[in-house]
Amino acid sequence: MPDAMQSEMVYEGRRISVEVLSPATGDDATRREVVRHPGAVAIVPVTDAGAIVLIRNHRVAVDRTLWELPAGTLEPGEPPEVAATRELEEETGYRPTRVRRLAGFYASPGFLDERITLFVADGLVHVGQRLEPGERIEPVSVSLAETLAMIDDGRIEDGKTIAGILLFDRARRVTPP
């Protein structure tokens, strides 16, 4: 069982906060900085033709444009299913007629408490993108076979996207639509 921890909030931002946890014993060797995050959703949007709608998203943290699944942060008190529909529409311009939970996982639990809930969305109806200020997102429909090849050859580098596509492909093989 872990030692009792003392907590000090050292940063509070718009989407994240940083907390320093130290054992009550004062042992600085086990002091940890933890990024607190409200949670997120990621969506595998599947077109009627069976393609996956990926996005090209510029990420400031790595100064690169990455291939990703649509995703976003939960608003306070927002159910993940609602966030999935909202984010899918904002980023891709598609509203789903069906959203179902596929999995949940921690993004990087060594320093971050963000839990991502992964959904599959289908019955997509195009309603137009609603990007937030500063977002540069381009939706692109890609066949599942090509999406898997993009993981294999390194074009897809985003962890949630790799996990999401592989989990979707596995679920599809186990339980065909």
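Nothing here was measured: the structure is a model prediction, and the numbers come from that model.

Definitions and limits used
- Residues numbered from 1 in each chain as written.
- Predicted model: local features only at pLDDT ≥ 70, side-chain atom pairs only at ≥ 80, totals over all residues.
- Heavy atoms only, no water.
- Helix = DSSP H or I, 4+ residues; strand = E, 2+ residues; numbered from the N terminus.
- Contact = heavy atoms within 4.5 Å.
- Areas by Shrake-Rupley, 256 points an atom, 1.4 Å probe, with all protein chains shown as cover.
- Lys, Arg positive; Asp, Glu negative; His and termini not counted.
- Charge placed at Lys NZ, Arg CZ, Asp CG, Glu CD.
- Pairing = 2+ DSSP bridges.
- Axes fitted to C-alpha atoms, helices over the stretch in contact; angles between N-to-C directions.
- Buried < 20%, exposed > 50% of the residue type's maximum accessible area, 1.4 Å probe, protein only.
- Arc of directions from axis to C-beta.

J.: I'd like to hear about the overall build of the protein, residue by residue, with values.
T.: Tallying secondary structure elements over the protein gives 3 helices and 12 strands in all. Over its C-alpha atoms, taken along the principal directions, the protein stretches across nearly 60 × 35 × 30 Å. Residue pairs in contact within the protein that sit at least 24 positions apart in sequence constitute 57% of those at least 6 positions apart. Here the protein has roughly 10000 Å² of accessible surface; of this, 52% comes from carbon and sulfur atoms. On the protein, the mean spot of the 21 positive side-chain charges and the mean spot of the 29 negative ones are 5 Å from each other.

J.: Give me the lowdown on the sheet that holds strand 1 (residues 5–12), citing residues and values where you can.
T.: Ordered in space as 1-2-3, the 3 strands form an open sheet in which the pairing is antiparallel. Both edges of this open sheet fall to strand 1 and strand 3 (32–36), since each of them pairs with a single strand only. Strand-to-strand twist of the sheet, defined as the mean angle between neighbouring strand axes without regard to direction, takes the value 25°. Here 5 bridges tie strand 2 (residues 17–23) to strand 3, and the two strands are oriented antiparallel to one another. Directly across from Ser17, in strand 3, lies its bridge partner Arg36.

J.: Describe helix 2 (residues 144–152), naming the residues involved and giving the relevant values.
T.: Those residues of helix 2 lying buried are Leu144, Thr147, Leu148, Met150 and Ile151. The buried residues of helix 2 all sit within an arc of 155° when viewed along its axis, so they share a single face. Facing away from the buried side of helix 2, by more than 90 degrees, are the exposed residues Ala145 and Asp152. In the segment just after helix 2, Gly154 is the residue with positive phi, at about 90°.

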